[in-house]
Amino acid sequence: MREQYRSEAFTEDGLAADPMRQFAHWFRQVAAGGMLHEPNAMVVSTATPEGRPSSRTVLLKMYDERGFVFFTNYDSRKGRELTANPYVSLLFPWHPLARQVIVTGTATRVAREETVAYFRTRPHGSQLGAWASDQSAVIGSREELIRRYEDLAARYPEGEKVPAPPHWGGFRVVPDSIEFWQGHENRLHDRLRYVRTAQDGGGEGAWRVERLCP
């Protein structure tokens, strides 16, 4: 099971000045191409303070110059691990385009106002699901989960305002490094990595670019 990637060269000359602008450029290309069902799907890897890792797929909900934001139950496994150990890795596996983006950084909770504002945009059923599921906790059966959901649906029918759960919210991943990976034939891939070299009080900083061997 082997594939020869055939792509245009990805060189330093074509890079944006900072990694978030480069990410925005690639993300727009991926989203516009229609080759991926959910281009905002990313693998989030966390670890316990003892270094035991875990990974799962999560949807990126927003990004800007400050970093990457996703939402979750703070009592879930990833929520607990990020609370105890904020170091995190994100992977965007854009295989149909022979591209990957790998982010390493630190996760912090977003402001409560940001969480509530986003929660209001979720479909009604997804709002109820955030209350019904004790994410990552053991449950006896699917029927029990459906029962919880139906009880909530009776309490908050369609059109009724559902409060944002206090145990649910966003994490913003502030990157220390972002690697852009472009596959090529003969496994001579381009790997260009932005590394933060300095940071001021506002989270801004300078970046240097490194080319990595494939």
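Everything below is about the structure shown above.
Summary of the structure given here. All values reported here derive from a predicted model rather than from experimental measurement. (Residues numbered from 1 in each chain as written. Predicted model: local features only at pLDDT ≥ 70, side-chain atom pairs only at ≥ 80, totals over all residues. Heavy atoms only, no water.)

Quick look at the environment of Pro-123
- Mapped onto the secondary structure, Pro-123 falls in the loop between helix 3 (112–119) and helix 4 (124–132).
- Once the C-alpha coordinates of Pro-123 and Leu-97 are considered, the two residues, 26 residues apart in sequence, prove to be 31 Å apart. (Helix = DSSP H or I, 4+ residues; strand = E, 2+ residues; numbered from the N terminus.)

Regarding the nonpolar core
- Grouped together as the largest cluster of nonpolar side chains are 29 residues, with contacts concentrated most on Phe-23, Phe-68, Leu-90, Phe-92, Trp-94 and Val-101.
- If you list the elements that add at least two residues to this core, you get helix 1 (19–33), strand 1 (41–47), strand 4 (67–73), strand 5 (87–94), strand 6 (99–109), strand 7 (168–182) and strand 8 (190–196).
- In terms of nonpolar packing, the next biggest core, distinct from the first, is built from 13 residues, Val-69, Phe-71, Leu-128 and Ala-164 among them. (Core = buried A, V, L, I, M, F, W, Y, C linked by side-chain atoms within 4.5 Å. Buried < 20%, exposed > 50% of the residue type's maximum accessible area, 1.4 Å probe, protein only.)

Points about the pairing of strand 6
- As judged from the 8 bridges shared by strand 5 and strand 6, these two strands associate in the antiparallel manner. The residue of strand 6 that forms the bridge with Leu-90 is Val-103.
- Count of turn residues in the strand 5/strand 6 antiparallel hairpin: 4 residues, of which Ala-98 carries a positive phi of about 55°. (Pairing = 2+ DSSP bridges.)

Let's talk about the environment of Glu-65
- For Glu-65, the position within the fold is in the loop between strand 3 (62–64) and strand 4.
- Put simply, Glu-65 and Met-20 are 45 residues apart on the chain and 5.9 Å apart in space, counted from C-alpha to C-alpha.

Examining the packing of aromatic side chains
- Using the criterion set out here, one finds 18 aromatic pairs in the structure.
- Ring centres of Phe-27 and Tyr-63 lie 5.6 Å apart, and the angle between their planes is 70°; on these two criteria the pair is classed as edge-to-face. Of the two residues, Phe-27 is situated in helix 1 and Tyr-63 in strand 3; the sequence distance between them amounts to 36 residues.
- Residue classification places Tyr-63 among the partly exposed positions, given a relative accessible area of 27%.
- Their ring planes at 15° and their centres at 5.5 Å tell us that Phe-71 and Trp-168 sit as a pair that is stacked. With Phe-71 in strand 4 and Trp-168 in strand 7, the pair connects residues that are 97 residues apart, well separated along the chain. Grouping residues by exposure puts Phe-71 and Trp-168 together as buried. (Phe/Tyr/Trp six-rings, centres within 6.5 Å; stacked < 30°, edge-to-face > 60°.)

Functional significance is not addressed by these values, which are geometric in nature.
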